[in-house]
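This is what each chain is made of:
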Amino acid sequence: PSPLGPTPKLVIDLERLQQLPKDKAGPLARYAATIQSQRGDYNGKVLSIRQEDLRSLAVIYDKSPAELTEELINWGILDAEARRAVESL
Ligand code: C2E
Ligand code: C2E
Ligand code: C2E
């Protein structure tokens, strides 16, 4: 087990996501909206996503999971803790 504790969750800041320009955030916003719809989870300020979904999003953004995570941290959409969640991807 990691000395830093359990793997942190990937938690998307949905309010921040809405503030970003569509050309950047569009694909992620559509992906998040699909997950919300599948779960019936509409009223959250944040959305916990699967690690597998970050892998899929990285393909969509033509980046590695680690690169996409850095970008999402820069955009203020993911917490810096998320770095540890993608180390295993
Ligand atoms: P599913 O993958 O067959 O999951 C069925 C139900 O199992 C989910 O219903 C949820 O209650 C539970 N479940 C599955 N995995 C997890 C998990 O990692 N954590 C938690 N807390 N519960 C889990 P729910 O939420 O109504 O989702 C319905 C279907 O929507 C899911 O069926 C899946 O096909 C899709 N879905 C929902 N959220 C996600 C997501 O974050 N990523 C992806 N790729 N699909 C999702
Ligand atoms: P947590 O995972 O640290 O989440 C803290 C709060 O962030 C949640 O409080 C909720 O307000 C929000 N949040 C996180 N992910 C989502 C999301 O995907 N959708 C929405 N709408 N909100 C989200 P809440 O709901 O009172 O849950 C408190 C704690 O209970 C959670 O802390 C977690 O430890 C546990 N919990 C709640 N739902 C689940 C679940 O589906 N699976 C697991 N394993 N734990 C859960
Ligand atoms: P969580 O609910 O705390 O689940 C943590 C991890 O436990 C998940 O990481 C997954 O590896 C495993 N897990 C939990 N429930 C199930 C399940 O029903 N089936 C399977 N095969 N594995 C399960 P993961 O996939 O990275 O998901 C991270 C977080 O994203 C989950 O934390 C939960 O907050 C959210 N999530 C993922 N899928 C769903 C879903 O289908 N419905 C809902 N409501 N939340 C989901």
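This is a predicted model, so every value here is computed, not measured.

1. Here's the deal with the site of ligand 2
Here is step 1 of the chain: The local shell around ligand 2 consists of K9, V11, D41, G44, V46, L47 and S48.
Here is step 2 of the chain: With 3 residues, the top contributor of residues to the shell around ligand 2 is strand 2 (residues 46-49).
Here is step 3 of the chain: Split into classes, the residues belonging to the shell around ligand 2 amount to 3 nonpolar, 2 polar and 2 charged.

2. Details of the site of ligand 3
Here is step 1 of the chain: Lining the immediate surroundings of ligand 3 are K9, R39, S48, I49, R50 and Q51.
Here is step 2 of the chain: For the shell around ligand 3, the residue count by class is 1 nonpolar, 2 polar and 3 charged.

3. Points about the nonpolar core
Here is step 1 of the chain: By size, the foremost hydrophobic cluster in this structure holds 14 residues, and its most contacted members are L10, I12, L17, L54, I77 and L78.
Here is step 2 of the chain: At the level of secondary structure, the elements contributing two or more residues to this core comprise strand 1 (10-13), helix 2 (22-39), helix 3 (51-60), helix 4 (65-74) and helix 5 (82-86).
Here is step 3 of the chain: Here L54 is in contact with L10, I49, P65, L68, V86 and L89, once residues within four sequence places are set aside.

4. Points about helix 4
Residues that lie three or four places apart on an α-helix share one face, since the helix turns once every 3.6 residues.
Here is step 1 of the chain: Taken as a whole, helix 4 has its buried residues at P65, L68, T69 and L72. All buried residues of helix 4 project into a common sector of 105 degrees when viewed along the axis, lining one side.
Here is step 2 of the chain: Those residues of helix 4 that are buried are in contact with helix 3 and helix 5.
Here is step 3 of the chain: Where helix 4 ends, the next residue or the one after it, G76, has phi of about 85 degrees, a positive value.

5. Some words on helix 2
Here is step 1 of the chain: Taking 1.5 Å of rise per residue, 18 residues should cover 26 Å, and helix 2 covers 24 Å from first to last C-alpha, within 8% of that figure.
Here is step 2 of the chain: By the largest-angle criterion, L28 marks the main kink of helix 2, which is about 25 degrees.
Here is step 3 of the chain: Phi turns positive one or two residues past the end of helix 2, at G40, with a value near 70 degrees.

Conventions used here
- Residues numbered from 1 in each chain as written.
- Chains lettered and ligands numbered in written order.
- Predicted model: local features only at pLDDT ≥ 70, side-chain atom pairs only at ≥ 80, totals over all residues.
- Near = placed C-beta within 6 Å.
- Helix = DSSP H or I, 4+ residues; strand = E, 2+ residues; numbered from the N terminus.
- Nonpolar A, V, L, I, M, F, W, Y, C, P; charged D, E, K, R; others polar.
- Core = buried A, V, L, I, M, F, W, Y, C linked by C-beta atoms within 7 Å.
- Buried ≥ 20, exposed ≤ 12 C-beta atoms within 10 Å, placed from the backbone.
- Contact = placed C-beta atoms within 7 Å.
- Arc of directions from axis to C-beta.
- Expected span 1.5 Å × (residues − 1).
- Bend = angle between axes of the 7 residues up to and from the residue.

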